[in-house]
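Tertiary structure, described
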Amino acid sequence: MTFEARNIHKSFNGTEVLKGVSLAMEAGEFVALLGASGSGKTTLLNIIAGLQHADQGQLTLDGQDITRLPAGKRRFGMVFQNYALFRHMSVADNIAFGLRVLPRRERPGRVERREKVSELLDMIGLADLGDRFPQQLSGGQRQRVAMARALAINPQLLLMDEPFSALDAQVRRSLRSSVRALQQKVGVGAIMVTHDQAEAWDLADRVAVMDQGQIVQFDTPDALRNTPATGAVRDLLQGAA
């Protein structure tokens, strides 16, 4: 699966939030959108997800135009910073939710759903907690469930919006490694919004640094640290050092 965003523009109330953003990624690649608040990274993620539409530009998936494709038909997995789990559903039912609402021709049967949920619970290390409810889990466990729910539909792309921001530092560090291992095991491409350099360095193959609605450098973590392309990139790296 290859994904590309070309010349994306977006304005709100006359203020240009994205100014011709372009980004391309390869199959299985993990990309981080790194930048300060207001740099446009969440708006870009929402446009990729189909939750908002660009004023100008194009999105392609394996060469096919998906710019106006509704969010529900993109088959992208989404992980939010507040987990967005259903409180009235068990862990297992939360994970199975996406499978139950797939189009009828793609929807697995009950036995297949149960097997898929069991497999994902085992993958996230919560094999014995499927009958619990979200409020009975820790923050780290809830985020793992949110990740499993996003992966249950075999997404073409995994999108994450500040997925660790609600967790304390120790849990964030331990969860980062498990998320990266899970993403690599499944083999799905991922785009993550973050303002935390450590998350970007630990997780991403490449990092797109955003500033004032533009990507000012898109490179590997090592290249960004060693050869920042602009003063804005240098200031961002130094400011979080």
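See the structure printed just above.
Reference entry: report on the structure contained in this document. (Residues numbered from 1 in each chain as written. Predicted model: local features only at pLDDT ≥ 70, side-chain atom pairs only at ≥ 80, totals over all residues. Heavy atoms only, no water.)

Packing of helix 4 (residues 139-151) against helix 5 (residues 169-186) leaves a shortest axis separation of 11 Å and a crossing angle of 15°. Compared by their axis directions, helix 4 and helix 5 come out roughly parallel. The two elements helix 4 and helix 5 cross, and the hand of that crossing is right-handed. Facing G140, Q143, R144, M147 and L151 of helix 4, the residues of helix 5 in contact are V171, L175, S178, V179, L182 and V186. The residue inventory of the contact of helix 4 with helix 5, partitioned by class, reads 7 nonpolar, 3 polar and 1 charged. (Axes fitted to C-alpha atoms, helices over the stretch in contact; angles between N-to-C directions. Helix = DSSP H or I, 4+ residues; strand = E, 2+ residues; numbered from the N terminus. Parallel < 35°, antiparallel > 145°, perpendicular 65-115°, else oblique. Left-handed = near helix turned anticlockwise from the far one by under 90°. Contact = heavy atoms within 4.5 Å. Nonpolar A, V, L, I, M, F, W, Y, C, P; charged D, E, K, R; others polar.)

This paragraph deals with the nonpolar core. Counting residues in each nonpolar core, the largest one holds 46 residues, and the members touching the most others are I95, V145, M147, L158, M160 and V207. Those residues in contact with M160, other than ones at most four positions away along the chain, are F30, L45, V79, M147, V179, A190, I191, M192 and V193. (Core = buried A, V, L, I, M, F, W, Y, C linked by side-chain atoms within 4.5 Å. Buried < 20%, exposed > 50% of the residue type's maximum accessible area, 1.4 Å probe, protein only.)

Moving on: the pairing of strand 7 (residues 157-161). Here strand 7 lies mainly inside the structure; 5 of its 5 residues are buried. By the alternation rule, side chains of strand 7 split into L157, L159 and D161 and L158 and M160, which are all buried. As paired strands, strand 6 (residues 76-79) and strand 7 are joined by 4 bridges and run parallel to one another. Directly across from G77, in strand 7, lies its bridge partner L158. (Pairing = 2+ DSSP bridges.)

This part is about the packing of helix 2 (residues 91-100) against helix 4. For the pair helix 2 and helix 4, the least separation of the axes is 7 Å and the interaxial angle reads 30°. Taken together, helix 2 and helix 4 sit at an angle that is classed as roughly parallel. Crossing geometry of helix 2 relative to helix 4 is assigned as right-handed. Side by side, helix 2 and helix 4 meet where V91, N94 and I95 of the first sit next to V145, A148 and R149 of the second. Split into classes, the residues belonging to the contact of helix 2 with helix 4 amount to 4 nonpolar, 1 polar and 1 charged.

On to the sheet that holds strand 5 (residues 64-65), then. Across the sheet, 4 strands lie side by side as 2-1-4-5; this open sheet has antiparallel pairing. Pairing within the sheet leaves two strands with one partner each, and these edge strands are strand 2 (15-25) and strand 5. Taken together, the 8 bridges between strand 1 (residues 3-12) and strand 2 define a ladder with antiparallel strand orientation. Across the sheet, residue F3 finds its bridge partner in strand 2, namely M25.

Here we come to the sheet that holds strand 6. One open sheet accounts for 6 strands, arranged 6-7-8-3-9-10; its pairing is mixed. Looking at the sheet topology across the chains shown, the edges are occupied by strand 6 and strand 10 (214-219). The mean inter-strand angle of the sheet, taken between neighbouring strand axes irrespective of direction, is 20°. Contacting strand 3 (30-34), strand 6, strand 7, strand 8 (190-194) and strand 9 (206-211), helix 1 (residues 41-49) crosses the sheet at an angle of about 150° to strand 7. Its contacts with the sheet put helix 4 on strand 6 and strand 7, and the angle it makes with strand 6 is roughly 170°.

Taking 1.5 Å as the rise per residue, helix 3 (residues 110-123) with 14 residues should run 20 Å; its terminal C-alpha atoms sit 20 Å apart, in good agreement. The set of residues buried in helix 3 consists of R113, K116, V117, L120 and L121. All buried residues of helix 3 lie within an arc of 135° about the axis, which places them on one face of the element. For helix 3, the exposed residues lying more than 90 degrees away from the buried face are V111, R114, E115 and D122. (Expected span 1.5 Å × (residues − 1). Arc of directions from axis to C-beta.)

An α-helical segment advances 3.6 residues per turn. Residues three or four places apart therefore align on the same side. In terms of burial, helix 2 is largely enclosed, as 7 of its 10 residues are buried. Among the residues of helix 2, those classed as buried are V91, A92, N94, I95, A96, G98 and L99. Taken together, the buried residues of helix 2 touch helix 3 and helix 4.

So, about the environment of N154. Of note, N154 is situated in the loop between helix 4 and strand 7. Between the alpha carbons of N154 and G77 there is a distance of 8.1 Å; along the sequence they are 77 residues apart.

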